Amino acid sequence: MKFLLIMHNNPLVWDALTEEERQEVMSGHGPFMETVRASGELVGTVALADPARSAVVRVRGGVPAVTDGPYLEAKEFLGGYYLVECDSRERALELAALIPDARVEGLGVEVRPVIFDGTAGG
């Protein structure tokens, strides 16, 4: 089964951390990636830029309109994710607990089953 391990970023929480704490979270992703690569469970991973660098495209009346910034005003934004393939939901929860963001008060890792996976080659 495939699962998306979604890391949400709350700028208020992140900004309240010390530089050392932030570095600990960031550097903690290396060992996690080594673990899921070695186990063969890592399918892919993505880290996203700050929402302020995003754009939203809407087509109204056949005319595209582009606006800067995130789609919604929110406390949390999608920061990145790991796509893993493992034997069970329980294993996906175990993997999510290894992601350093899960240890930060005010943050967490959402575990969501993948129900469709379309690839470029398929």
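Note: the structure precedes this text.
Engineer: How should I be thinking about the overall build of the chain in this particular structure?
Structural biologist: Helix and strand content of the chain: three helices and six strands. The secondary structure elements of the chain, listed N-terminal to C-terminal, are β-α-α-β-β-β-β-α-β. Projecting the C-alpha coordinates of the chain onto the three principal axes gives extents of approximately 50 × 45 × 20 Å. Within the chain, the fraction of its 122 residues that count as buried is 27%. On the chain, roughly 8,300 Å² of surface is accessible, and the fraction owed to carbon and sulfur atoms is 55%.

Engineer: Can you help me understand the packing of aromatic side chains in this one?
Structural biologist: The geometry of two aromatic rings is summed up by the distance between their centres and the angle between their planes. What the rule picks out here adds up to one aromatic pair. Ring centres of Phe32 and Tyr82 lie 4.7 Å apart, and the angle between their planes is 65 degrees; on these two criteria the pair is classed as edge-to-face. Linking Phe32 in helix α2 (residues 19–38) with Tyr82 in strand β5 (residues 77–85), this pair joins segments that are 50 residues apart in sequence. Here Phe32 matches Tyr82 in class, with each residue buried.

Engineer: Can you help me understand the side chain of Asp101 in this one?
Structural biologist: Tracing the backbone through its elements, the reader meets Asp101 in the loop between α3 (89–98) and β6 (109–113). The buried charged residue Asp101 lacks any salt bridge partner; its closest oppositely charged side chain belongs to Arg103, at an N-O distance of 7.7 Å. Filtering out sequence-adjacent residues up to four positions away, Asp101 remains in contact with Met7, Val25, His29, Leu107, Gly108 and Val109.

Engineer: Could you clarify how one ought to interpret the pattern of salt bridges in this entry?
Structural biologist: Pairing between side chains of opposite charge can happen when their charged atoms approach one another. For the structure shown, the criterion picks out five salt bridges. Among the salt bridges present, the one from Arg22 reaches Glu19, with a minimum N-O distance of 3.1 Å. Here Glu19 and Arg22 lie together in helix α2, a separation of three residues that amounts to about one turn. With relative accessibility at 52%, the residue Glu19 sits in the exposed group. Measuring nitrogen to oxygen at the nearest pair gives 3.2 Å for the salt bridge that ties Glu94 to Arg91. Of this pair, Glu94 and Arg91 both sit in helix α3, three residues apart, which is roughly one turn of the helix. Sharing partners across several salt bridges, the network here consists of Glu41, Arg91 and Glu94.

Cut-offs applied
Residues numbered from 1 in each chain as written. Predicted model: local features only at pLDDT ≥ 70, side-chain atom pairs only at ≥ 80, totals over all residues. Heavy atoms only, no water. Helix = DSSP H or I, 4+ residues; strand = E, 2+ residues; numbered from the N terminus. Buried < 20%, exposed > 50% of the residue type's maximum accessible area, 1.4 Å probe, protein only. Areas by Shrake-Rupley, 256 points an atom, 1.4 Å probe, with all protein chains shown as cover. Phe/Tyr/Trp six-rings, centres within 6.5 Å; stacked < 30°, edge-to-face > 60°. Lys, Arg positive; Asp, Glu negative; His and termini not counted. Salt bridge = Lys/Arg side-chain N within 4 Å of Asp/Glu carboxyl O. Contact = heavy atoms within 4.5 Å.

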